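Chain residues, written in single-letter form:
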Amino acid sequence: MKIVTWNINSIRARLERLIDYLKTRSPDVLCLQELKCTDDQFPRTEIEAAGYRAEVFGQKTYNGVAILSKLPVTDVARNMGDGDEQSRIIAGTVGGIRVVGLYAPNGQALGTPAFEYKLEWYAKLSRWLHAQKTPLLVCGDFNVAPEEIDTWDPVLWQGQTLCSPKEREVFAAMVKANSFTDLFRARHPEGGRFSWWDYRAGAFHKNQGLRIDHILVSQDLAGRCTDVDVDRDARKGTQPSDHAPVWAEFS
């Protein structure tokens, strides 16, 4: 089974690219973030024509997550049941795996209410995930570069949003509390491998990026992973998302 996570940065703006990705890469499951559309605006007809079911949790202009799957998706949940009005989490069981796709808060700037919301959101996420069934796979745009190796310039990013000590602490605590394996880092200990690049200043071509899109798995699933990587080619071409898909294959 091949499972992919991709912050598409507006599904309607990049629908043609998405359909091409589904046809050429043919993932079994694709978790999308930043749909930037409501459920009724979601291009369900085109997705289904490509051979995929779609479970959607949209939001006007901002956020929005979805699970696209060749297989049936059961026990679908949206958000953590805490009354949060932001569409950030969708979960479903696919092929015996509990798949959670998420779009974590950005945090905006240190010391702001948005930053405090991000830290609180991570604490709630950790507790919520602990109650989920396994095998469990959690993927998406976490908006945290966990270590200095996950930034193209650790000095430049030191203390900045996405790389601050507090964000890294809550991310690491969530991983530890749930005994998750970061599949990409486990398979690729080397640096210089990123999933997001700013649109400005030719950052992608200079490989000036961050690794903020992750696939985390419970221990009973980690041993089944046969390969994992970033699909850097999907970041190329006309009007790409600023994120590249990250994929993992399982036996």
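So, here's what we can say about the structure. Keep in mind the model is a prediction, meaning the values are calculated, not measured.

1. Describing the layout of surface pockets
Left-over empty space is what a probe sized like a water molecule reveals as it rolls over the atoms.
Okay, so step 1: If you add up the space inside the largest pocket, you get close to 400 Å³.
Okay, so step 2: Along the lines of polarity and charge, the residues of the lining of the largest pocket split into eight nonpolar, eight polar and five charged.

2. What to know about the packing of aromatic side chains
Okay, so step 1: Under the defined criterion, the tally for this structure stands at five aromatic pairs.
Okay, so step 2: Look at Trp 6 and Tyr 21: their rings are 5.1 Å apart centre to centre, the planes differ by 45°, and that puts the pair in the tilted class. Within this pair, whereas Trp 6 is found in strand E1 (residues 2–7), its partner Tyr 21 is found in helix H1 (residues 15–25), the two being separated by 15 residues in sequence.
Okay, so step 3: Residue Trp 6 is classed as buried on the basis of its relative accessible area, which comes to 1%.
Okay, so step 4: On the accessibility criterion, Tyr 21 (2% relative accessible area) is buried.

3. Topic: the sheet that holds strand E6 (residues 89–94)
Okay, so step 1: Across the sheet, six strands lie side by side as E5-E6-E7-E8-E12-E9; this open sheet has mixed pairing. Unpaired on one side and paired on the other, strand E5 (74–78) and strand E9 (181–182) mark the two borders of the sheet.
Okay, so step 2: By the bridge criterion, six bridges tie E6 to strand E7 (residues 97–103) in an arrangement that is antiparallel. Following the sheet pairing, Ile 90 is matched in E7 by Gly 101.
Okay, so step 3: Contacts from helix H3 (residues 113–130) reach E6, E7 and strand E8 (136–141), with the element oriented near 175° to E7.

What counts as what
Counting restarts for each chain, with residues numbered from 1 along the sequence as it is written. Only residues with pLDDT of at least 70 are given local features in this predicted model, and only at 80 or more are side-chain atom pairs given and counted; all residues enter the totals for whole chains, interfaces and linings. With hydrogens and water stripped out, all remaining heavy atoms of the structure feed into the side-chain values. Residues are said to line a cavity or pocket when one of their atoms sits within 4 Å of a point; the points come from a 1 Å grid over protein atoms alone, cavities being sets where a 1.4 Å probe fits but cannot get out and pockets being open sets with protein on both sides within 12 Å along at least five of seven lines. Grid points are joined across faces, edges and corners, and a volume is the space filled by probe spheres set on the points. Side-chain classes are defined by residue name, with Ala, Val, Leu, Ile, Met, Phe, Trp, Tyr, Cys and Pro counting as nonpolar, Asp, Glu, Lys and Arg as charged, and the others, Gly among them, as polar. Ring pairs are drawn from Phe, Tyr and Trp, using the six-membered ring of Trp, whenever the two centres fall within 6.5 Å, and their geometry is named by plane angle: stacked under 30 degrees, edge-to-face over 60, tilted for the rest. Only runs of H or I of at least four residues qualify as helices and only runs of E of at least two qualify as strands under DSSP, and these elements are numbered from the N terminus. Each residue is assigned to one of three classes by its accessible area relative to the maximum for its type, calculated with a 1.4 Å probe on protein chains only: buried under 20%, partly exposed between the two thresholds, exposed over 50%. Strands are treated as partners if at least two bridges between them are detected by DSSP. Throughout, a residue-residue contact means that at least one pair of heavy atoms, one from each residue, lies within 4.5 Å. With axes taken as lines fitted to C-alpha atoms, and helix axes fitted only over the stretch in contact, angles between N-to-C directions fall between 0 and 180 degrees.

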